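Below, each chain spelled out in residue letters.
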Amino acid sequence: MHSNDLTLWQLASAYVFILILLFIVKVKGIHREKEILISSIRMTIQLIIVGYILAYVFANAHPLFTILILIFMLSFAIYNIYQRAKLPLSPALKKKIALSMAVGVTATLVYFVLVTLSVSPWYNPRYVIPIAGMIIGNTMTGVSLGVNTLLEGMQSKRSLVETALMLGAAPGEASRPIINQAFDSAMLPTINSMVGMGIVFLPGMMTGQIIGGASPLMAIRYQIAVMLGIVGGASLTVLLFVQIGYKAFFNDRYQLKQISTDKNKA
Amino acid sequence: MFHIQNLKYKDVLRIKELDIPEGGLTCIIGESGSGKTTLLKMLNHLISPDSGDIEVMGRSVFKWNPVQLRRKIAMLSQSPVMFQGTVRDNLLIGLHFAEKPAAPEDKLAEMLKWLNLHISLDADSESLSGGEKQRVALARVLLTDPAVLLLDEPSSALDEETARAILGKLKDYGDSQKKTIIMVTHSSDLVRNFSENTIKIERGQFAEEAEKDAQQ
């Protein structure tokens, strides 16, 4: 056994933190025991399943497996964006979210895997899957924020958009301030995370590599590359989304559609 | 200028036939909620009728490119909307939307003066009073120089004297520049003094038609 391998007993000892947490909420009368228990169990089971799936996929590398997993991850991310929307999403907007996610993530991933990392074979799951996970996860967060800003802007600034239309503005021009704001809010977390990187926190991937025995200097090379890939993926996808997303709020006569505010009716 | 035929929109509007002539000042009157603003928005093609048609300058509204149409037939909404920035920004943004060249400073200042506005072009648009905002919004539309002006209660935030002065100027401007002005108003005083053609809307119907229907 490798000196830095974690034994099951050592792993079990980490659950002490959950026990302490459960004890505290019990004593304080904060009724969250059930949630804490369920989420800890879910986390454990999900990761065990993922571990076995990845072990199998790594041992039997095949382009089809890699592609299927990527499609699953992407679909789950898109579904998550729909779920996180604070206002109802029209079918037209849902399509545009899915399209921009698919195009933005795929384009970034292809470039990153083939050019930056030169992964060989191109579908090598050991590289492609974790990298895709990081790019998709961060892009999902960005697009989700962008969607909410766009929805809120189109609702609260409806009279501004309508006034612009009345004067003969094209829909894109009439929505320009809202589009820019959506891009801003979507990119801010990613940009901020670059600023704090290495000082405020050590990113997960780098931590993992260092614990796994890689030299810190090699770990930061990967981390820098991945961070740039994340910025690229998120900005490309968000840019695509805001450029086509606003169109979902207009009909083909360039009139503002009614926005439903009841999420259940969407 | 406008020829409306068999127009229907939800439960809000129902007009069999209505003509609005080119040139001059037409007033649309009627009680609150009778569908006047909806009619105006339809002329600007912000809303499409569910059925029927509006011919604009001899061509169905559906055959026009909506953006090009709105540049010819611009509308001023009832509650003046100010964009973030100064009065100057607000005046220039209209020209930007209509893809027309920016107007020089002196023209902007002249326009403010013409509307009895004694404010600086550098003033923050949010600091203006309701009446000032209304006139800045009016100036913004006028600067884009459309062939038809659709005005939704353009003087609701003005005192009677200012309203009359502005309307008088607007009418002179319309006559000299051969513009068509269509205005929704509640003021019988303005209708009496300035309207050349008055259309009454009653519960979504052209009042003359409603009367005929009632007689039948």
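Cut-offs and rules
Residues numbered from 1 in each chain as written. Chains lettered and ligands numbered in written order. Predicted model: local features only at pLDDT ≥ 70, side-chain atom pairs only at ≥ 80, totals over all residues. UniProt positions renumbered as here; feature names shortened; annotations may be inferred. Helix = DSSP H or I, 4+ residues; strand = E, 2+ residues; numbered from the N terminus. Buried ≥ 20, exposed ≤ 12 C-beta atoms within 10 Å, placed from the backbone. Contact = placed C-beta atoms within 7 Å. Nonpolar A, V, L, I, M, F, W, Y, C, P; charged D, E, K, R; others polar. Domains from an automatic or database assignment. Axes fitted to C-alpha atoms, helices over the stretch in contact; angles between N-to-C directions. Parallel < 35°, antiparallel > 145°, perpendicular 65-115°, else oblique. Left-handed = near helix turned anticlockwise from the far one by under 90°. Core = buried A, V, L, I, M, F, W, Y, C linked by C-beta atoms within 7 Å. Arc of directions from axis to C-beta. Pairing = 2+ DSSP bridges. pLDDT = per-residue confidence, 0-100.

Under an unreviewed UniProt entry, chain B has the name ABC transporter ATP-binding protein and belongs to Sporolactobacillus shoreae. A UniProt comment under Subcellular location (unreviewed entry) is attached to chain B, and it reads "Cell membrane".

If you look chain A up in an unreviewed UniProt entry, it shows as Iron export ABC transporter permease subunit FetB from Sporolactobacillus shoreae. Reading the Subcellular location (unreviewed entry) entry of the UniProt record for chain A gives the comment "Membrane". In its Sequence similarities (unreviewed entry) section, UniProt records this for chain A: "Belongs to the UPF0014 family."

Looking at this model, I keep getting lost on the overall build of chain A. Mind explaining?
A count of helices and strands for chain A gives 11 helices and 0 strands. For chain A, the α and β elements follow one another from N to C terminus as α-α-α-α-α-α-α-α-α-α-α. With the principal axes as the frame, chain A shows a C-alpha extent of 75 × 55 × 35 Å. Looking at chain A as a whole, 28% of its 266 residues are labelled buried. Sequence-distant contacts, at least 24 apart, represent 76% of the contacts inside chain A between residues at least 6 apart.

Would you mind showing me how to read the interface of chain B and chain A here?
Bring the parts together and some accessible area is lost; that lost area is often taken as the interface size. The partner chain A presents 15 residues to the 19 residues of chain B that form the contact. For the side of chain B that touches chain A, the secondary structure elements donating two or more residues are α2 (66-72), β6 (73-76) and α3 (87-97) of chain B. Counting residues per element, the side of chain B that touches chain A draws most heavily on α2(B), at 4 residues. Each residue belonging to the side of chain B that touches chain A can be placed in one class, and the counts come to 11 nonpolar, 6 polar and 2 charged.

Hey, could you run me through the domain arrangement of chain A in this one?
All names here are of chain A. By domain assignment, chain A separates into domain 1 (1-60) and domain 2 (63-265). Using C-alpha coordinates to define each centre, domain 1 is positioned 29 Å away from domain 2. Across the contact, 4 residues belong to domain 1 and 7 residues belong to domain 2. Across the side of domain 1 that touches domain 2, the residue classes break down as 3 nonpolar, 1 polar and no charged.

Sorry, what's going on with the UniProt feature "transmembrane region" (unreviewed entry) in chain A here?
The positions UniProt marks with the feature "transmembrane region" (unreviewed entry) are residues 6-25, 37-58, 64-82, 102-123, 129-151, 194-212 and 224-246 of chain A. Secondary structure over residues 102-123 of chain A splits into 68% helix and 0% strand, and the C-alpha atoms at its two ends are 18 Å apart.

Would you explain the packing of helix α5 (residues 91-116) of chain A against helix α11 (residues 216-245) of chain A in this entry?
Residues and elements named next belong to chain A. The contact between α5 and α11 brings their axes to 8 Å, and the two run at 150 degrees. The pairing of α5 with α11 is recorded here as roughly antiparallel in orientation. Handedness of the α5/α11 crossing: right-handed. Together, L93, K96, I97, S100, M101, V103, G104, V105, A107, T108, F112 and T116 of α5 and A225, G229, G232, G233, L236, T237, L240, F241, I244 and G245 of α11 make up the contact between the two elements. In terms of residue class, the contact of α5 with α11 is built from 12 nonpolar, 9 polar and 1 charged.

Is there a simple way to explain the nonpolar core in this structure?
Considering soluble globular proteins, one finds that nonpolar side chains tend to be buried as a cluster. Counting residues in each nonpolar core, the largest one holds 108 residues, and the members touching the most others are A:V143, B:I28, B:L43 and B:L150. Broken down by element, this core gets its largest block of residues, 13 residues, from helix α6 (residues 125-156) of chain A. The contact partners of B:I28, leaving out residues within four places of it in the chain, are B:K36, B:L39, B:I182, B:M183, B:V184, B:I199 and B:I201.

Looking at this structure, I do not really get the packing of helix α10 (residues 204-211) of chain A against α11(A). What am I missing?
The description of two helices packed together rests on the angle between their axes and the distance between the axes. Residue and element names in this part refer to chain A. One way to put it is that α10 packs onto α11 with a least axis distance of 9 Å and a crossing angle of 155 degrees. Judged by the angle between their axes, α10 and α11 are roughly antiparallel. The two elements α10 and α11 meet at a crossing, and its hand is right-handed. Every residue of α11 that contacts α10 at M205, M206, Q209 and I210 is listed here: P216, A219, I220, Y222, Q223 and V226.

Honestly, α3(B) in this entry has me stumped. Any pointers?
Each turn of an α-helix holds 3.6 residues, which means side chains three or four residues apart point in the same direction. Here α3(B) has its buried residues at B:V87, B:N90, B:L91, B:I93, B:G94 and B:F97. An end-on view of α3(B) places all buried positions within 155 degrees of arc, on one side of the element. As for α3(B), its buried residues are in contact with α7 (158-166) and α8 (171-174) of chain A together with α4 (105-114) and α5 (130-143) of chain B. Positive phi shows up at B:E99, right after α3(B), with a value of about 55 degrees.

Sorry, what's going on with the pairing of strand β1 (residues 2-9) of chain B here?
Where a strand is regular, its side chains alternate between the two sheet faces. Residues and elements named next belong to chain B. Examined bridge by bridge, β1 and strand β2 (residues 13-20) share 7 bridges and lie antiparallel to one another. Its bridge partner lying in β2, K8 is registered against R14. Two strands pair when backbone bridges link them, and β1 and strand β4 (residues 51-56) are joined in this way by 5 bridges, in the antiparallel orientation. By the bridge assignment for β4, K8 is matched with S51.

Quick question: what am I supposed to make of the confidence of the model for chain B here?
Any region with low pLDDT has predicted coordinates that should not be read closely. All names here are of chain B. Model confidence for chain B is summarised by a mean pLDDT of 92, while 100% of its residues fall at 70 or above. When the elements of chain B are averaged for pLDDT, helix α8 (residues 207-215) gives the smallest value, 72, and α3 the largest, 97. Taken over the whole predicted complex, pTM reads 0.86, whereas the ipTM for its chain interfaces reads 0.92.

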